[in-house]
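So you can see what is in the structure, the chains are spelled out below.
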Amino acid sequence: MGECLYKKIKAVSNLSEIVKIRGLKTGLQLIFAKDASFDDVQATLLDKLQTGDKFFIRGTTVFAPKDYFDEEHNEKLRRLFHRHGMLFSTDLKEPKFAPEKPVEPVTKVVEKAKPAFILNRTLRGGQEIRTESSVLIFGNVNPGAQVIAGGSIDVRGICRGTVHAGAFGDENACIVADKLRPMQIRIANIIARPPDNLQKTENAEKASIKNGYIVFEPVIR
C-alpha cells in the first residue's frame with residue numbers, strides 16, 4: 001500500500017495544503033482542505049509520518065474533523081496513527097469557562113528568580129541543555145541540538161535545533177533568536193514550527209503564546 005500511496009502523492013500538487021496542522025494544549029488538530037478526498041488525506045499523512053515530520057511525536061493525540069469522513073475511513077486513520085505510536089480522535093471539545101468567582105485576597109509569595117544558564121558557544125547536533133531556569137546562548141543552536149528550559153530561551157545566533165521553553169508549564173515563557181528556524185518549537189505544552197513563509201526581517205524573531213497558540217513575530221532586543 002505504501003508504494004501506491006507514494007505514487008499517488010507525487011501526482012498531487014500542493015500536498016501541504018491538503019492537511020494543515022495546528023498545535024493545541026491537548027495535542028494536534030488536523031484541518032483538511034475543502035473537498036479533499038480520503039485518498040489524498042491518507043497519502044499526505046502517510047508521507048508526513050514516514051518522512052519524520054517533527055509535529056508527529058509518539059504519544060501525541062491527533063484530532064481530526066468529526067464529520068468529514070465516515071467511521072470506516074476514520075478507523076483507517078486511527079490504525080495509521082496507532083502504527084506510529086499516536087492516538088487518534090474526532091472528539092475535540094472546546095474548553096468551557098467557569099463563571100467568574102469573586103476574587104479573594106491572597107498572600108503574595110515572592111520567589112527568588114533562578115539565575116539564567118549562559119552558554120558562550122554554539123550548541124552542535126547531538127548536544128543538549130536541560131535546566132529549570134532561563135537560557136542565554138551566545139552562538140547558534142544547530143540542527144539535532146536540543147534546549148529544554150523551565151524559563152525563556154534567548155539565542156544570540158541562528159536557532160535551527162529543537163527548543164522547549166516553559167517546560168514545566170510556564171505559558172509566559174518565550175523564545176527569541178537572531179533567526180528562529182527550529183526543527184520544532186514548544187512553549188509549555190503547545191507545539192509548533194515556524195511557518196515556511198515567515199517574513200524576513202533584520203530584527204530578532206520571537207515566539208510566544210497568544211490566545212492559546214504559538215505566534216512568531218519580529219522583535220527588537
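This is a predicted model, so every value here is computed, not measured.

About the thresholds
Residues numbered from 1 in each chain as written. Predicted model: local features only at pLDDT ≥ 70, side-chain atom pairs only at ≥ 80, totals over all residues. Heavy atoms only, no water. Pairing = 2+ DSSP bridges. Helix = DSSP H or I, 4+ residues; strand = E, 2+ residues; numbered from the N terminus. Axes fitted to C-alpha atoms, helices over the stretch in contact; angles between N-to-C directions. Parallel < 35°, antiparallel > 145°, perpendicular 65-115°, else oblique. Contact = heavy atoms within 4.5 Å. Core = buried A, V, L, I, M, F, W, Y, C linked by side-chain atoms within 4.5 Å. Buried < 20%, exposed > 50% of the residue type's maximum accessible area, 1.4 Å probe, protein only. Expected span 1.5 Å × (residues − 1). Arc of directions from axis to C-beta. Phe/Tyr/Trp six-rings, centres within 6.5 Å; stacked < 30°, edge-to-face > 60°. Salt bridge = Lys/Arg side-chain N within 4 Å of Asp/Glu carboxyl O.

Overview of the sheet that holds strand E15 (residues 213-219)
Consideration 1: Strands sit in the order E5-E7-E9-E11-E14-E15 across an open sheet of six strands; the sheet is mixed. Either end of the sheet is taken by a strand with one partner, and the two such strands are strand E5 (117-119) and E15. Here the strands of the sheet are splayed against their neighbours by 25° on average, with no regard to which way each runs.
Consideration 2: Looking at chain direction, strand E7 (residues 135-137) and strand E9 (residues 153-159) are connected through three bridges and run parallel.

Observations regarding the packing of helix H3 (residues 38-50) against helix H4 (residues 71-83)
Consideration 1: Where H3 meets H4, the axes come as close as 11 Å, and the angle between the chain directions of the two elements is 5°. Taken together, H3 and H4 sit at an angle that is classed as roughly parallel. Only His-73, Lys-76, Leu-77, Leu-80 and Phe-81 of H4 make contact with H3, whose side of the interface consists of Phe-38, Gln-42, Leu-45, Leu-46 and Leu-49.

Digging into the nonpolar core
Consideration 1: By size, the foremost hydrophobic cluster in this structure holds 27 residues, and its most contacted members are Val-147, Ile-175, Ile-185 and Ile-214.
Consideration 2: Setting aside residues no more than four positions away along its own chain, Ile-185 makes contact with Val-163, Ile-175, Leu-180, Ile-190, Ile-191, Ala-192, Arg-193, Ala-207, Ile-214 and Phe-216.
Consideration 3: If you look at the next biggest cluster of nonpolar residues, it comprises 21 residues, including Ile-18, Ile-21, Phe-32 and Val-41.

Quick word on H4
Consideration 1: Helix length check: H4 (13 residues) gives 18 Å between terminal C-alpha atoms against 18 Å at 1.5 Å per residue, within 8%.
Consideration 2: Every buried residue of H4 is accounted for by Asn-74, Leu-77, Arg-78, Leu-80 and Phe-81. Viewed end-on, H4 has its buried residues packed into an arc of 160°, placing them on one side of the element. Along H4, the residues that are exposed and aim more than 90 degrees away from the buried face are Glu-72 and Arg-83.
Consideration 3: Tucked inside the fold, the buried residues of H4 contact strand E2 (27-32), H3, strand E3 (61-63) and strand E4 (87-89).
Consideration 4: Within two residues after H4, Gly-85 carries a phi angle of roughly 80°, on the positive side.

Details of the pairing of strand E11 (residues 175-180)
Consideration 1: Here five bridges tie E9 to E11, and the two strands are oriented parallel to one another. What sits directly across from Val-155, in E11, is Ala-177.
Consideration 2: With three bridges connecting them, E11 and strand E14 (residues 204-210) associate as antiparallel partners. When the bridges of E14 are listed, Val-176 appears paired with Lys-206.

Thoughts on the packing of aromatic side chains
Consideration 1: In the structure shown here, the tally under the stated rule is five aromatic pairs.
Consideration 2: For the pair Phe-38 and Phe-69, a centre-to-centre distance of 5.2 Å together with 90° between the ring planes defines the contact as edge-to-face. Taken together, the residues span a long stretch of sequence, with Phe-38 in helix H3 and Phe-69 in the loop between E3 and H4 at a distance of 31 residues. A single burial state applies to Phe-38 and to Phe-69, both of which are buried.
Consideration 3: One aromatic cluster is present, formed by Phe-32, Phe-38, Tyr-68 and Phe-69 through successive ring pairs.

Quick notes on the pattern of salt bridges
Consideration 1: Scanning the model with the defined rule gives seven salt bridges in all.
Consideration 2: As a salt-bridge pair, Arg-78 and Glu-71 come within 3.5 Å of each other at their nearest N and O atoms.
Consideration 3: By relative accessible area, Arg-78 is classed as buried at 18%.
Consideration 4: Classification of Glu-71 as exposed rests on a relative accessible area of 52%.
Consideration 5: The residue Lys-210 makes a salt bridge to Glu-217 at a minimum N-O spacing of 3.3 Å.

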